[in-house]
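# Topology and contacts: notes
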Amino acid sequence: NAGVTQTPKFQVLKTGQSMTLQCAQDMNHNSMYWYRQDPGMGLRLIYYSASEGTTDKGEVPNGYNVSRLNKREFSLRLESAAPSQTSVYFCASSAGTGGDQPQHFGDGTRLSIL
Amino acid sequence: GENVEQHPSTLSVQEGDSAVIKCTYSDSASNYFPWYKQELGKRPQLIIDIRSNVGEKKDQRIAVTLNKTAKHFSLHITETQPEDSAVYFCAAISMGGGADGLTFGKGTHLIIQP
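Residues numbered from 1 in each chain as written. Chains lettered and ligands numbered in written order. Predicted model: local features only at pLDDT ≥ 70, side-chain atom pairs only at ≥ 80, totals over all residues. Heavy atoms only, no water.

With that settled, the discussion passes to the pattern of salt bridges. With the rule as written, the count across this model stands at 7 salt bridges over all chains. Between Asp-38 of chain A and Arg-44 of chain A there is a salt bridge whose closest N-O contact spans 2.8 Å. A relative accessible area of 12% places Asp-38 of chain A in the buried class. Measuring nitrogen to oxygen at the nearest pair gives 2.6 Å for the salt bridge that ties Arg-43 of chain B to Asp-107 of chain A. Pair noted here: Arg-43 of chain B is in the loop between strand E4 (30–38) and strand E5 (45–51) and Asp-107 of chain A is in the loop between strand E10 (104–105) and strand E11 (109–113), and the two residues belong to different chains. Residue Arg-43 of chain B is classed as partly exposed on the basis of its relative accessible area of 23%. (Salt bridge = Lys/Arg side-chain N within 4 Å of Asp/Glu carboxyl O. Buried < 20%, exposed > 50% of the residue type's maximum accessible area, 1.4 Å probe, protein only. Helix = DSSP H or I, 4+ residues; strand = E, 2+ residues; numbered from the N terminus.)

So this is what it looks like as structure tokens:
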């Protein structure tokens with residue numbers, strides 16, 4: 001039982017490059033989330049998906065796009081990476097669709113933009 | 001939207017003593033309050049949560065209290081041990097209809113002194 005799996009674990013990009021962060025969960029959860037974590041800032045929600053086929057913006061969506069490919073997978077795309085997007089990115093999932101269930105996090109993707 | 005304030009940012013206690021971390025929230029409609037523990041370089045992990053219809057919840061050495069009137073909630077760790085050293089995050093969510101994710105506090109770095 002892997003829980004929430006994120007790939008890659010580390011990535012270095014040049015400014016202007018694009019990439020997609022992958023996330024998959026095997027807990028049959030309805031809701032999935034993308035957060036970024038910066039030093040001293042806690043975790044901030046980028047996008048979320050309450051169910052397959054739906055996505056919504058969180059607190060800091062600018063510069064990102066997401067796709068809920070199916071119930072298991074939720075990807076985050078940076079179309080044109082900027083140094084301000086250097087961060088640790090966490091994917092999470094939870095049962096239900098109301099957000100008031102425990103969230104299970106992946107191990108994170110450490111992304112550096114040069 | 002919701003705003004969560006967390007204090008202190010750093011807390012150092014002697015092993016065996018108690019630690020208390022406090023959070024306030026702004027949205028009176030918030031009704032789910034989880035606490036996450038994050039060790040260095042690891043994923044956040046849920047340690048305890050409380051819902052707005054309960055004033056206190058306890059799990060072994062960990063307890064959470066909620067004061068809805070004052071809009072604050074606290075994490076209490078008794079008989080602290082070295083393995084309690086980590087960053088702790090409080091969070092809150094409003095059941096506004098839809099999994100709009102959690103709003104996190106900025107974290108408390110708990111240091112257990114031997």
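Here we take up the layout of surface pockets. Reported here for the largest pocket is a volume of approximately 410 Å³. For the lining of the largest pocket, the elements supplying multiple residues, two or more each, are strand E5 (42–49) of chain A together with strand E1 (4–7), strand E9 (86–94) and strand E10 (103–104) of chain B. In terms of residue count, E5 of chain A provides more of the lining of the largest pocket than any other element does, 4 residues in total. In terms of residue class, the lining of the largest pocket is built from 9 nonpolar, 6 polar and 8 charged. Approximately 350 Å³ is the volume attributed to the second largest pocket. For the second largest pocket, the lining is made up of 19 residues, of which Gln-37 of chain A together with Gln-38, Leu-40, Gly-41 and Val-87 of chain B are closest to its centre. Those elements that provide at least two residues to the lining of the second largest pocket are strand E4 (31–38) and strand E9 (87–94) of chain A together with E9 of chain B. By residue number, the principal contributor to the lining of the second largest pocket is E9 of chain B, which donates 3 residues. A class-by-class count of the residues in the lining of the second largest pocket yields 8 nonpolar, 6 polar and 5 charged. (1 Å grid on protein atoms, 1.4 Å probe; cavity = no way out; pocket = protein on both sides within 12 Å on 5 of 7 lines; lining within 4 Å. Points joined across faces, edges and corners; volume = space filled by probe spheres on them. Nonpolar A, V, L, I, M, F, W, Y, C, P; charged D, E, K, R; others polar.)

A few words on the packing of aromatic side chains. In the structure shown here, the tally under the stated rule is 13 aromatic pairs over all chains. Centre to centre, the rings of Tyr-35 of chain A and Phe-105 of chain A are 5.7 Å apart; their planes meet at 40°, and the pair counts as tilted. Of this pair, Tyr-35 of chain A sits in strand E4 while Phe-105 of chain A sits in strand E10; the two residues are 70 residues apart in sequence, bridging distant segments of the chain. Here the two residues Tyr-35 of chain A and Phe-105 of chain A agree in accessibility, since each one is buried. Centroid distance Phe-105 of chain A to Tyr-36 of chain B: 5.4 Å. Interplanar angle 85°. Geometry classified as edge-to-face. Of this pair, Phe-105 of chain A sits in strand E10 while Tyr-36 of chain B sits in strand E4, placing the two residues on different chains. The residues Phe-105 of chain A and Tyr-36 of chain B share a single accessibility class, namely buried. Among the aromatic side chains, those forming a connected cluster through ring pairs are Tyr-33, Tyr-35, Phe-90 and Phe-105 of chain A together with Tyr-36, Phe-89 and Phe-104 of chain B. (Phe/Tyr/Trp six-rings, centres within 6.5 Å; stacked < 30°, edge-to-face > 60°.)

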